[in-house]
Amino acid sequence: AVGSSVLSSGINAEYGGFTRTQPPAGRKIITTTRSHMQKSVQDAIDSCKPDSVIQIGGSGSKCVLVADGTADAYLFASPGTKKWDTCAGEAIIKALGGTFTDVYGAPIKYDADVSYPNKNGVLAAMSNHDFYLSKIPADIMQRK
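Being a predicted model, the structure only gives us computed values, none of them experimental.

*Asks:* Outline unusual backbone geometry, listing residues and values.
*Replies:* Where the residue is not glycine, phi is negative for most of them; where a peptide bond is considered, it is trans in most cases. Backbone geometry places Lys 49, a non-glycine residue, at a positive phi of 50°. With respect to the helices and strands, the residue Lys 49 is situated in the loop between α1 (39-48) and β4 (52-55). Since its relative accessible area comes to 62%, Lys 49 is described here as exposed. Phi at Asn 128 takes a positive value of approximately 60°, unusual for a residue other than glycine. Relative to the helices and strands, Asn 128 resides in the loop between β7 (122-125) and α4 (129-134).

What follows is the structure in structure tokens.
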């Protein structure tokens, strides 16, 4: 059934067409850009000390990896994505109980008065968002 959940038991949850597997505790897999890697992105990823990194194109693809439990966080500590790249993925991650912000922890705004680029990057996670946020390097945090 759509929205049925057994996450409280730590096994998995089914959400309208896909099954979300609860990632193993302590695992850190980050998904990020395949084609727009910059020093700030690499530095932010390295500071999290991930077990592995999945580089894939498309913000939506990265959001699906987080939503289904394949990746633990989507991290892109650089301008580059646009509002139309992130809006649907953010809606899915939030609907499933995750958190989606810029790399400073602020909500991404979509109203008519904001610019299209996500100038402060993207950080999304189904859990442990605060851990990833706390690992953003100081030099990146000072750019705000």
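*Asks:* Tell me about the pattern of salt bridges, and please be specific about residues and values.
*Replies:* Within the structure shown, the criterion is met by three salt bridges. One salt bridge connects Lys 39 with Asp 43, and the closest N-O pair in it is separated by 2.6 Å. Residue Lys 39 and its partner Asp 43 are both found in helix α1; the two are separated by four residues, about one turn of the helix.

*Asks:* Explain the side chain of Ser 40 to me, using residue names and the numbers behind them.
*Replies:* Here Ser 40 lies in helix α1. A polar contact is formed between the side chain of Ser 40 and the backbone oxygen of Ala 77, at a distance of 2.7 Å. For Ser 40, the contacting residues outside a window of four places in its chain are Ala 77, Ser 78, Ile 140 and Arg 143.

*Asks:* Lay out the pairing of β7 with the relevant residues and their values.
*Replies:* Because side chains alternate across β7, one face comprises the buried residues Val 122 and Ala 124, and the other comprises Leu 123 and Ala 125, equally buried. As judged from the four bridges shared by strand β5 (residues 73-76) and β7, these two strands associate in the antiparallel manner. Within β7, the position partnered with Tyr 74 by the bridge is Ala 124. Looking at chain direction, strand β6 (residues 99-101) and β7 are connected through three bridges and run antiparallel. Following the sheet pairing, Phe 100 is matched in β7 by Ala 124.

*Asks:* Break down the nonpolar core for me, with residues and values.
*Replies:* Ranked by internal contacts, the top residues of the largest apolar core, which has 30 residues, are Ile 30, Tyr 74, Leu 75, Ile 93, Phe 100, Val 103 and Tyr 132. If we ignore the near neighbours within four places in the chain, the residues touching Val 103 are Leu 75, Phe 76, Ala 77, Asn 120, Gly 121, Val 122, Leu 123, Leu 133, Ile 136, Ile 140 and Met 141.

*Asks:* Could you give me a rundown of the packing of helix α2 (residues 59-67) against helix α3 (residues 83-95), with the residues and numbers involved?
*Replies:* The description of two helices packed together rests on the angle between their axes and the distance between the axes. Where α2 meets α3, the axes come as close as 8 Å, and the angle between the chain directions of the two elements is 10°. Relative to α3, the element α2 is oriented roughly parallel. Within the contact between the two elements, α2 uses Ser 59, Gly 60, Cys 63, Val 66 and Ala 67 and α3 uses Asp 85, Thr 86, Gly 89, Glu 90, Ile 92 and Ile 93. In the contact of α2 with α3, the residues fall into five nonpolar, four polar and two charged.

*Asks:* With reference to specific residues and values, describe the packing of aromatic side chains.
*Replies:* A full pass over the atoms with the stated rule returns three aromatic pairs. With a centroid separation of 6.5 Å and 75° between ring planes, the pair formed by Tyr 74 and Phe 100 is classed as edge-to-face. Placement of the pair is Tyr 74 in strand β5 and Phe 100 in strand β6, with a sequence separation of 26 residues. Accessibility classification places Tyr 74 together with Phe 100 in one group, the buried group. Here the aromatic rings of Phe 131 and Tyr 132 are separated by 5.0 Å at their centres, their planes lie at 80°, and the arrangement is edge-to-face. On the accessibility criterion, Phe 131 (28% relative accessible area) is partly exposed.

Thresholds, definitions, all that
Residues numbered from 1 in each chain as written. Predicted model: local features only at pLDDT ≥ 70, side-chain atom pairs only at ≥ 80, totals over all residues. Heavy atoms only, no water. Helix = DSSP H or I, 4+ residues; strand = E, 2+ residues; numbered from the N terminus. Buried < 20%, exposed > 50% of the residue type's maximum accessible area, 1.4 Å probe, protein only. Salt bridge = Lys/Arg side-chain N within 4 Å of Asp/Glu carboxyl O. Polar contact = N/O pair within 3.5 Å; in protein donor to acceptor, adjacent residues only side chain to side chain. Contact = heavy atoms within 4.5 Å. Pairing = 2+ DSSP bridges. Core = buried A, V, L, I, M, F, W, Y, C linked by side-chain atoms within 4.5 Å. Axes fitted to C-alpha atoms, helices over the stretch in contact; angles between N-to-C directions. Parallel < 35°, antiparallel > 145°, perpendicular 65-115°, else oblique. Nonpolar A, V, L, I, M, F, W, Y, C, P; charged D, E, K, R; others polar. Phe/Tyr/Trp six-rings, centres within 6.5 Å; stacked < 30°, edge-to-face > 60°.

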